Amino acid sequence: MSRVALVTGGSRGIGAAISMALKEAGYTVAANYAGNDEAAAKFTAETGIKTYKWSVADYDACAAGIAQVEADLGPVDVLVNNAGITRDAPFHKMTREQWDQVIGTNLNGIFNMTHPLWNGMRDRKFGRIINISSINGQKGQFAQANYSAAKAGDIGFTKALAQEGARAGITVNAICPGYIATEMVMAVPEKVRESIIATIPVGRLGDVTDIARCVVFLAADSAGFITGATITANGGQYMT
Ligand code: CAA
């Protein structure tokens with residue numbers, strides 16, 4: 001029986017590449033998504049990967065969605081907390097709603113997804129939790145007080161939970177992508193984007209597969225000694 005992996009935000013962008021790479025590596029994959037039915041249907045048609053709709057910002061929806069995935073595919077061994085949104089604005093213009101939305105999805109979302117799965121992983125003495133944080137959680141970013149706070153929080157969550165999971169065979173790690181060529185980054189005004197690319201030593205945006213390969217590495221059964229780690233894949237833009 002192949003291991004089961006659940007990828008949030010798994011039908012588009014970095015998440016889609018992660019879902020496909022895990023499938024290629026032999027996992028049975030479930031891809032969660034929040035809203036874009038058309039993209040999810042296209043993704044399933046092209047890849048054969050099942051998609052499941054719920055918002056990671058909603059705890060009860062996560063618990064119900066996970067129960068459905070486990071009924072269909074079996075216990076989840078690998079959770080990739082990838083779902084994320086931006087609501088960029090300089091702080092003097094940032095609204096309470098923009099703050100709450102980003103914290104709700106990018107930080108509360110990883111609690112909401114990990115918590116319902118945690119005891120099952122403890123009982124089975126195996127788990128892989130992989131949290132997709134961001135370079136901007138490490139260095140901060142103008143107009144992203146909300147996003148940087150959430151993504152830094154994801155790293156703290158990772159380090160705390162890694163200590164709790166260690167004796168139970170559960171590893172908890174974070175990956176910090178830099179600027180990757182996705183819809184999210186393409187939404188940044190072109191001039192601003194060009195100025196950001198100028199600060200990336202490799203001289204280009206990353207590719208979604210640059211992140212997916214890190215996930216496959218951390219998900220492996222043989223990666224059991226790697227926990228509480230933060231892997232950066234940012235083209236050298238920020239070196240920690
Ligand atoms: N540092 C200092 N000043 C900056 C700045 C920066 N990085 N970026 C913008 N500014 C300044 C501008 O020059 C401008 O100054 P003036 O008023 O003196 O001209 C001011 O800040 C911005 O004013 P605006 O009224 O134009 O701002 P706005 O409300 O229209 O917001 C913005 C524009 C949202 C800040 C836009 O510039 C933007 O999207 N910036 C990019 C933010 C970013 O990098 N987001 C990352 C998205 S990708 C992602 O998040 C994925 C990941 O994990 C890496």
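Each chain has its residues counted from 1, following the order in which its sequence is written. Local features in a predicted model are, by the rule used here, given only for residues with pLDDT of at least 70; side-chain atom pairs are given and counted only at 80 or more, and totals for whole chains, interfaces and linings are based on all residues. Processing note: side-chain calculations cover all non-hydrogen atoms of the structure and skip hydrogens and water entirely.

**Considering the pairing of strand 3 (residues 50-53)**
A pair of strands is considered paired only if DSSP assigns at least 2 bridges between the two. Strands here are runs of E lasting at least two residues and helices are runs of H or I lasting at least four, both read from the DSSP assignment and numbered beginning at the N terminus. The sheet contact formed by strand 2 (residues 28-33) and strand 3 spans 4 bridges and is parallel. Its bridge partner lying in strand 3, A31 is registered against T51. Crossover handedness is defined here as right-handed if the route from the first strand over the helix to the second strand goes clockwise, with the strands pointing away from the viewer. Between the parallel elements strand 2 and strand 3, the chain passes through helix 2 (residues 37-47) in a crossover that is right-handed.

**Comments concerning the UniProt feature "domain: Ketoreductase" (unreviewed entry) in the protein chain**
UniProt positions are given in the numbering used here, feature names are shortened, and annotations may be inferred rather than shown by experiment. Here, the residues flagged by UniProt with the feature "domain: Ketoreductase" (unreviewed entry) are residues 3-178. Along residues 3-178, the helical share is 53% and the strand share 18%, with 29 Å between the first and last C-alpha atoms.

**So, the site of the ligand**
Lining the immediate surroundings of the ligand are 20 residues, of which D88, K93, S134, Y147 and Y179 lie closest. Identification of polar contacts relies on pairs of N or O atoms within 3.5 Å, with a donor-acceptor requirement for protein atoms, meaning one able to donate a hydrogen and the other able to accept it, and with residues adjacent in sequence counted only if both atoms are side-chain atoms. The contact in question runs from an oxygen atom of the ligand to an N or O atom on the side chain of K93, over 2.8 Å. Take Y179: an N or O atom from its side chain is 2.8 Å from an oxygen atom of the ligand. Areas reported as accessible are Shrake-Rupley estimates using a 1.4 Å probe. Residue values count occlusion only from the protein chains shown. Across the complex, the protein chains shield 56% of the 1100 Å² of accessible surface that the ligand would expose by itself. Among the elements of the structure, helix 5 (135-139), helix 7 (183-186) and helix 8 (190-197) are those that each provide at least two residues to the shell around the ligand. Think of it as three bins: nonpolar holds Ala, Val, Leu, Ile, Met, Phe, Trp, Tyr, Cys and Pro, charged holds Asp, Glu, Lys and Arg, and polar takes everything else, Gly as well. Residue composition of the shell around the ligand, grouped by class: 12 nonpolar, 6 polar and 2 charged. Here, proximity means that at least one heavy atom of the residue falls within 4 Å of the molecule or strand.

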